[in-house]
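# Examining the three-dimensional arrangement
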Amino acid sequence: MAAAAAGRDARRQAAEERSAADGPSGTEGKGGPAKSGPAPPPPAAGTKPAGPRHAPLACARTAAAPAAGSAAGADATNRAGTAAARGGGTAAPSPPDATAAQDIRLSFQADPLQVRGLLVAVRSALARLGTAEAELHTVELVLAEVVNNIFEHAYGGRPGGRMRLRMARARHGLQVTVTDGGRPFATGAPPAPQHMLAPRSPAEAPEGGFGWQLIHLFGRDIAYRRIGRANVLSFVIPMT
Amino acid sequence: MLQVFPLRDGLGIRVNLPRIDAVEAMAFRDSLCALTRSGTGRVVLDLSQVSFVDSSGLGAIVGAMKQLPPGRSLELAGLHPAVERVFRLTRMDTIFRIHPRGADFDAAADGDLRASGTG
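Note that the structure is a prediction, hence the values are computed from the model and not measured.

Quick notes on the rules
Residues numbered from 1 in each chain as written. Chains lettered and ligands numbered in written order. Predicted model: local features only at pLDDT ≥ 70, side-chain atom pairs only at ≥ 80, totals over all residues. Heavy atoms only, no water. Helix = DSSP H or I, 4+ residues; strand = E, 2+ residues; numbered from the N terminus. Buried < 20%, exposed > 50% of the residue type's maximum accessible area, 1.4 Å probe, protein only. Contact = heavy atoms within 4.5 Å. Polar contact = N/O pair within 3.5 Å; in protein donor to acceptor, adjacent residues only side chain to side chain. Salt bridge = Lys/Arg side-chain N within 4 Å of Asp/Glu carboxyl O. Phe/Tyr/Trp six-rings, centres within 6.5 Å; stacked < 30°, edge-to-face > 60°. Axes fitted to C-alpha atoms, helices over the stretch in contact; angles between N-to-C directions. Parallel < 35°, antiparallel > 145°, perpendicular 65-115°, else oblique. Left-handed = near helix turned anticlockwise from the far one by under 90°. Nonpolar A, V, L, I, M, F, W, Y, C, P; charged D, E, K, R; others polar.

## As for the environment of Glu145(A)
- Relative to the helices and strands, Glu145(A) is located in helix α3 (residues 133-154).
- For Glu145(A), a relative accessible area of 2% translates into the label buried.
- Aside from chain neighbours lying at most four places away, what touches Glu145(A) is Gly211(A), Leu214(A), Ile215(A), Asp54(B) and Ser55(B).
- Polar side-chain contacts of Glu145(A) include one of 2.5 Å to the side chain of Ser55(B).

The following block contains the structure:
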């Protein structure tokens, strides 16, 4: 009972934050012709993760070290067919056109550095449409969690896998579809929502598992399908 | 990345990163652990330069806190609203003492620790 109440609290909090935020008006999503091709190719055989970038210290590690971005850059295309960005290393993909934020399509490499560039690009595209700060943060956070989960789990932390992101502004929010060519969920479905309880003591605090809980907190109509060798995850991030 | 400064009763650590995300989380955690694995007193993590923390960054901060030796505690200061929100929604705000953004966390140490009962 207490657990259910706490879960409702967090969800209500998220909902209140959503309704408090001002969003762009009159930007109803325009469903352009879908250019859905075959699933992205699986990662190249023999691709190895980059080693740790620093000497290990006494502290225990609980997760695989993220690999540094490698040579291949993200290529970004939008509805207008412009904004092809190529950046290796620390370079971020150039932001898509503001108009394209209503229907953004991006193809990029699944590794944390590319993900960071992608998030920055999406954020600035939505910001130019006048999206409120809290909503920008929600989109950035949910996309970060989804995409980093794909890198870490579907692709096992190995760089080189491809992902496709499609975002379309709909009346009720932002419709997002993410496709990858990695492993399916081990259970056949994404982790279920759980009630996020305050830990009874710091020692009992979890160090992981936050990602999908944050996705469930903000995402609506979450749907996952395995199509051939591709994972297709879609959801709506409510926006005003 | 991490800039250490003394506090009257512990250690301040300023995080000079705009984001603690999947790119930075492990290196950040290791560096933070290395700076705090000995000594006593509180450690205040100044996050005023950090505008984005995702689940991996959150996990890194919680993980570093759990690695602290006995007698040390980790407190957070300067949280950007977007960062505070992630702690609050995951309920991780309940296991840290969080100083309000802009507050003088060094001067506030003595009285507040007793008053808030989290010391």
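Let us keep going from here.
## So, the pattern of salt bridges
- On inspection of all chains with the given rule, the structure shows 15 salt bridges over all chains.
- A salt bridge links Arg29(B) to Glu207(A), with the shortest nitrogen-to-oxygen separation between them at 2.9 Å. Taken together, the residues span two chains, with Arg29(B) in helix α1 (residues 25-36) and Glu207(A) in the loop between β4 (173-180) and α4 (210-218).
- Across the salt bridge formed by Asp21(B) and Arg19(B), the nearest N and O atoms sit 3.1 Å from each other. Across the pair, Arg19(B) and Asp21(B) agree in class, each one buried.
- Three or more residues are tied together by salt bridges with common partners; here these are Arg116(A), Arg123(A), Glu133(A), Glu140(A), Arg19(B), Asp21(B) and Glu24(B).

## Overview of the packing of aromatic side chains
- Across all of its chains, the model carries four aromatic pairs over all chains by this definition.
- Between Phe185(A) and Tyr224(A) the ring centres are 4.8 Å apart and the planes differ by 80°, which places this aromatic pair in the edge-to-face class. Here the residue Phe185(A) occupies a position in the loop between β4 and α4, and Tyr224(A) occupies one in strand β5 (residues 220-227), the gap between them amounting to 39 residues.
- For Phe185(A), a relative accessible area of 26% translates into the label partly exposed.
- Taking relative accessible area as the criterion, Tyr224(A) reaches 17% and is therefore assigned buried.
- Ring centres 6.3 Å apart and planes at 40° place the aromatic pair Phe5(B) and Phe105(B) in the tilted group. Taken together, the residues Phe5(B) in strand β1 (residues 2-7) and Phe105(B) in the loop between β7 (97-99) and α4 (109-116) connect sequence positions 100 residues apart.
- The exposure class assigned to Phe5(B) is partly exposed, which follows from its relative accessible area of 24%.
- The class for Phe105(B) is buried, based on a relative accessible area of 12%.
- Among the aromatic residues, ring-to-ring pairing joins Phe185(A), Trp212(A) and Tyr224(A) into one connected group.

## As for the packing of helix α2 (residues 112-128) of chain A against α3(A)
Residues and elements named next belong to chain A.
- In contact at an axis separation of 10 Å, α2 and α3 are set at 155° when each is read in the N-to-C sense. Between α2 and α3, the interaxial angle falls into the category roughly antiparallel. For the pair α2 and α3, the sense of crossing is right-handed. Taking contact as the criterion, the partners of Pro-112, Val-115, Leu-119, Val-122, Arg-123, Leu-126 and Ala-127 in α2 are, on α3, Glu-133, Leu-136, His-137, Val-139, Glu-140, Leu-143, Ala-144, Val-147, Asn-148 and Phe-151.
- The residue makeup of the contact of α2 with α3, split by class, is 12 nonpolar, two polar and three charged.

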